[in-house]
Amino acid sequence: MKKRTIRKAAVIGSGVMGSRIACHFANVGLDVVLLDIVPFELNEKEKATGKTLDDPGVRNRIVNEALDAALKSNPSPIYQKSFASRIKTGNLTDHLDLLKDCDWIIEAVTERLDIKKAVYEKVEAYRKPGSLITTNTSGIPINMLTDGRSEDFRKHFCGTHFFNPPRYLKLLEIIPSKETDPEVLSFFTDYGQRYLGKIVVHCKDTPAFIANRIGVYSIQALFHLVNELGLTVEEVDKLTGPVLGRPKSATFRTCDVVGIDTLVHVANGVRDNCPKDEAKHAFEIPDYLQKMVANKWFGDKTKQGFYKKTKNETGATEILSLDLKTLEYKPQKKTKFATLELTKPIENLKQRLPMLYNGSDKAGEFYKKSFAGLFSYVSNRIPEISDSIYSIDDAMRAGFGWQLGPFESWDLIGIEKGLKAASALGHQVAPWIQEMISAGHSSFYKVEKGKKYFYDHSSKSYQIIPSPDKQIVLDQLSESAIVWKNSGTVIRHLGDGILCCTWNTKMNTIGGEVLEGLNKAIDLAEKEYRGLVLYNDGDNFSAGANVGMIFMLAAEQDYDELDMAVRLFQKTVMRMRYSSIPVVGAPHNLALGGGCELNLHVDKVVAHAELYMGLVEFGVGVIPGGGGTKEFALRTSDEFRDGDIRLNTFRNRFLTVGQAKVSTSAYEAFELGYLRKGIDEVVVSREWQLARAKEACQELADAGYTQPVMRKDITVLGQEALGIVYVGANSMKSGHYISEHDQLISEKLGFVMAGGDLSANTQVSETYLLDLERKAFLELCTQRKTLERMQSLVTSGKILRN
């Protein structure tokens, strides 16, 4: 098989998708070319400055403005601003020669067959033989696109359908034509997973492919169900959001973001191009939606859709919701369903879903009816859009942000129960479901000996879900891999002498049971194994220490117990740093407060690119007390260079903690000092992160890991640094930028990072700094304002995020 490497990629079409695909290619280190058309006429600004259509700036105006808009958008499509320099812009008239050394060319122009084919004709004249050429089309049949192209072009052509925004949505649908070389598909599968961080799903060349076919059906069916059950916009979004394991934008808010006109276009496309679809009636556009389109109420792009932002009588911003019966905007009403109240305490979605489904109120009725239609629909899409059920589940999780795919949800509710409910409501479930039940099979998935299997309708048997050999999936490891566990922590052997410690508390916060587990993991690794990896499944690595417990101890003035709790946390992170075995952290998403402090003390961090890392304790009214302040003093010392102005280095690191800065990516975490250049590393693929962390731990052990010696050479600046801290904090307080309590926290933080009230630059030990840190933390916990902040966060339910 030909070894293929992507060094340079081109994106043709700089619209919303094209510009953001280019940014994500730059994210992973590619040299990128972004091309678009030359403007047909001058704009007013160009006319006023005497420009002509021959001016280079004018000729590249469309592509440059599109890229600039993408880079300014929120959330950012790029990991680090400097990465934008990897993108070279041009136009399709003057710069097609830039394609000649590109390894991959992806077309993302408007969804018109004639325009796409005209682009391919131009591209073929410049692309090098064997280079990959793909389309980001979301609906045009792949086999129609390559008519008239050469054999080499057709052989290396397929669909690569990204979802917007490409940086954040993990789905990449691969759609082959009849002539696509299998090697091309294999390459994109591996490259998409390993290098682009995607969940790659192979689709058949059918209208809307997989995710949009199922997702748009689900939304369209709900549009009709809303009328039937008399539900409001806000009620539906309450029922179909996080409580169901789906994004906060739920249904109607998602429609506003995507664009109601876009949704209607896709629905009409499915209806018109799928005449044999048994549920094509669901794709008919309801009257209220037709009127919204006629009114150009498309959502965010037209400032109103199902929701509308406005100002009330007092001038405050208010978000109104649309009354679907009158098409008038009204203030939102709080929604309340008995079923939702009943399931509030249930954190585990797999336990919560059956309870939602079995609810006896209108919410329960909604879930029964919506799932009945969904189960029926996905059963009939096998084998039309895919031969495997896991491809449909993967597509919905990665493309629409569902935590559970349709078949995974059906398993939890019960296959036979779901079948009966669907049939009772008049839905036509595919015959293979009944055949499966009759054969004695009671689930779509099962795990045996560390391998996950899916029910294959064609062979009428269970088959292993294919995955790369070295990939590690925790919930697929056998029970024998567990070497120890308590109520919140599990320690597993990943093989090759490497342990993995995970915890499953709310938002993976760190309390007593987690600290016990971390210390036990080090004990076990030092006695019988070679290394330890800290890794968590779920949405976040860790939202921090259990501040609710700290608040309780502080409120009860149990300072001895609080002192012991802080000492235990400090002792634990120092054990991570100074154990006799290598410890590797593998954080993703939120790694805040104590979650950040753990990773500050490991030997190496293998971070996922989407890492929001920071020491945010200032917002709670304290300083980092689990070794974080000490560690920033240490790292500040290590950054001092001869000839540098040391106060500038100190100020920068002080502000990182004092302003509770959180990285917007793993790459930004290097800039903020949370990650170390030359030591820590970044992986784009979440699915490969654990395997790479294990590998990194093995590498450290194989290199002859030696227990480090505790540091006693940390240079602190004493009064020299305290002066700028006190003056700065007082100035901010005098200018009414911070409160008196914020001034106190700033001074406490500065006191620790400066090493105390020392008359000269001095070298101190980590133990010395930890004592200062703990003392300052405890003193702040006695402050009334700190307790008020904690109480406010507890009341609002935000305490676990700090």
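These remarks concern the structure in this document. Just so you know, these numbers come straight off a predicted model, no measurement behind them.

Structural notes on the pairing of strand 9 (residues 307-311)
The pairing of strand 9 with strand 10 (residues 317-323) spans five bridges and is classified as antiparallel. Looking at the pairing, lysine 311 lines up with threonine 317 of strand 10. Connecting strand 9 to the antiparallel partner strand 10 that follows it, the hairpin turn spans five residues, and glycine 315 within it adopts a positive phi of roughly 90°.

Points about the layout of surface pockets
The calculated volume of the second largest pocket comes to roughly 490 Å³. The wall of the second largest pocket is formed by 21 residues, among which Arg194, Trp688, Ala691, Arg692 and Glu695 lie closest to the centre. Of all elements in the fold, only strand 23 (681-683) and helix 27 (686-702) reach the threshold of two or more residues within the lining of the second largest pocket. In terms of residue count, the dominant contributor to the lining of the second largest pocket is helix 27 (six residues). Counted by class, the lining of the second largest pocket contains 11 nonpolar, four polar and six charged residues.

Focus on the pairing of strand 11 (residues 328-331)
For a regular strand, side-chain orientation follows a simple rule: the groups alternate between the two sheet faces. As defined by bridge partners, strand 10 adjoins strand 11 across four bridges and the pair is classed as antiparallel. Considered in strand 11, the bridge of leucine 320 is made with proline 331.

Concerning the packing of aromatic side chains
Using the criterion set out here, one finds 35 aromatic pairs in the structure. Here the aromatic rings of phenylalanine 283 and tyrosine 377 are separated by 6.2 Å at their centres, their planes lie at 55°, and the arrangement is tilted. With phenylalanine 283 in the loop between helix 11 (260-273) and helix 12 (287-294) and tyrosine 377 in helix 15 (residues 362-380), the pair connects residues that are 94 residues apart, well separated along the chain. Accessibility expressed as a relative area gives 0% for phenylalanine 283, which makes it buried. Take tyrosine 377: its relative accessible area is 0%, and that puts it in the buried class. One aromatic cluster in this structure is built from Tyr357, Phe371, Phe375, Phe407, Trp410, Trp432, Phe444, Tyr455 and Tyr462. Positioned over the ring face of tryptophan 688 is arginine 194, at 4.1 Å from the centre of the ring. The ring of tyrosine 445 carries the charged tip of lysine 452 above its face, separated from the ring centre by 4.9 Å.

Concerning the packing of helix 18 (residues 415-424) against helix 19 (residues 431-438)
It is the contact of helix 18 with helix 19, at a shortest axis distance of 11 Å, that shows an interaxial angle of 140°. Here helix 18 is positioned oblique relative to helix 19, judged by the angle of their axes. Crossing angle aside, the handedness with which helix 18 passes helix 19 is left-handed. Mapping the contact onto sequence places Ile415, Glu416 and Leu419 in helix 18 and Ile433, Gln434, Met436 and Ile437 in helix 19. When the residues that make up the contact of helix 18 with helix 19 are grouped by side-chain class, the tally is five nonpolar, one polar and one charged.

Some details on empty space enclosed by the protein
Tallied over the entire structure, the rule returns two cavities of 30 Å³ or more. Its volume calculated, the largest cavity comes out at about 40 Å³. Lining the largest cavity, in full, are Ala633, Thr636, Ser637, Phe640, Phe650, Thr715, Val716, Leu717, Met753 and Ala754. Elements with a contribution of two residues or more to the lining of the largest cavity: helix 24 (628-639) and strand 24 (714-716). For the lining of the largest cavity, the leading source of residues is helix 24, giving three residues. Residues that form the lining of the largest cavity fall into these classes: seven nonpolar, three polar and no charged. Its boundaries defined by the atoms lining it, the second largest cavity holds a volume of some 30 Å³. Taken together, Leu244, Arg246, Leu353, Phe371, Leu404 and Ser409 make up the lining of the second largest cavity. Its residues placed into classes, the lining of the second largest cavity shows four nonpolar, one polar and one charged.

Some points on the sheet that holds strand 1 (residues 8-12)
Reading across the sheet, the eight strands line up as 3-2-1-4-5-6-7-8 and stay open at both edges, with mixed pairing between neighbours. Each edge of the open sheet carries a strand with a single partner, namely strand 3 (87-91) and strand 8 (199-202). If you compare each strand with its neighbour and ignore which way they point, the axes differ by 25° on average. Direction of pairing for strand 1 relative to strand 4 (residues 104-107): parallel, over a ladder of four bridges. Each bridged residue has a counterpart across the sheet, and for alanine 10 the counterpart in strand 4 is isoleucine 105.

Side note on the pattern of salt bridges
Per the counting criterion, the structure on display carries 61 salt bridges. In this structure, lysine 51 engages aspartate 55 in a salt bridge whose closest nitrogen and oxygen atoms are separated by 3.8 Å. Here lysine 51 falls in the partly exposed class, since its relative accessible area comes to 36%. Taking the relative accessible area as the measure of exposure, aspartate 55 reaches 22% and is therefore partly exposed. The partner of arginine 381 in a salt bridge is glutamate 278, with the nearest N and O atoms 2.9 Å apart. A residue pair is termed long-range when its members are at least 10 positions apart, and arginine 381 in the loop between helix 15 and helix 16 (389-400) and glutamate 278 in the loop between helix 11 and helix 12 qualify at 103 residues. For arginine 381, a relative accessible area of 2% gives the class buried. For glutamate 278, a relative accessible area of 25% puts it in the partly exposed group.

Conventions used here
- Residues numbered from 1 in each chain as written.
- Predicted model: local features only at pLDDT ≥ 70, side-chain atom pairs only at ≥ 80, totals over all residues.
- Heavy atoms only, no water.
- Pairing = 2+ DSSP bridges.
- Helix = DSSP H or I, 4+ residues; strand = E, 2+ residues; numbered from the N terminus.
- 1 Å grid on protein atoms, 1.4 Å probe; cavity = no way out; pocket = protein on both sides within 12 Å on 5 of 7 lines; lining within 4 Å.
- Points joined across faces, edges and corners; volume = space filled by probe spheres on them.
- Nonpolar A, V, L, I, M, F, W, Y, C, P; charged D, E, K, R; others polar.
- Phe/Tyr/Trp six-rings, centres within 6.5 Å; stacked < 30°, edge-to-face > 60°.
- Buried < 20%, exposed > 50% of the residue type's maximum accessible area, 1.4 Å probe, protein only.
- Lys NZ or Arg CZ within 6 Å of the ring centre and 35° of its normal.
- Axes fitted to C-alpha atoms, helices over the stretch in contact; angles between N-to-C directions.
- Parallel < 35°, antiparallel > 145°, perpendicular 65-115°, else oblique.
- Left-handed = near helix turned anticlockwise from the far one by under 90°.
- Contact = heavy atoms within 4.5 Å.
- Salt bridge = Lys/Arg side-chain N within 4 Å of Asp/Glu carboxyl O.

Any functional reading would require information beyond the geometric quantities listed.
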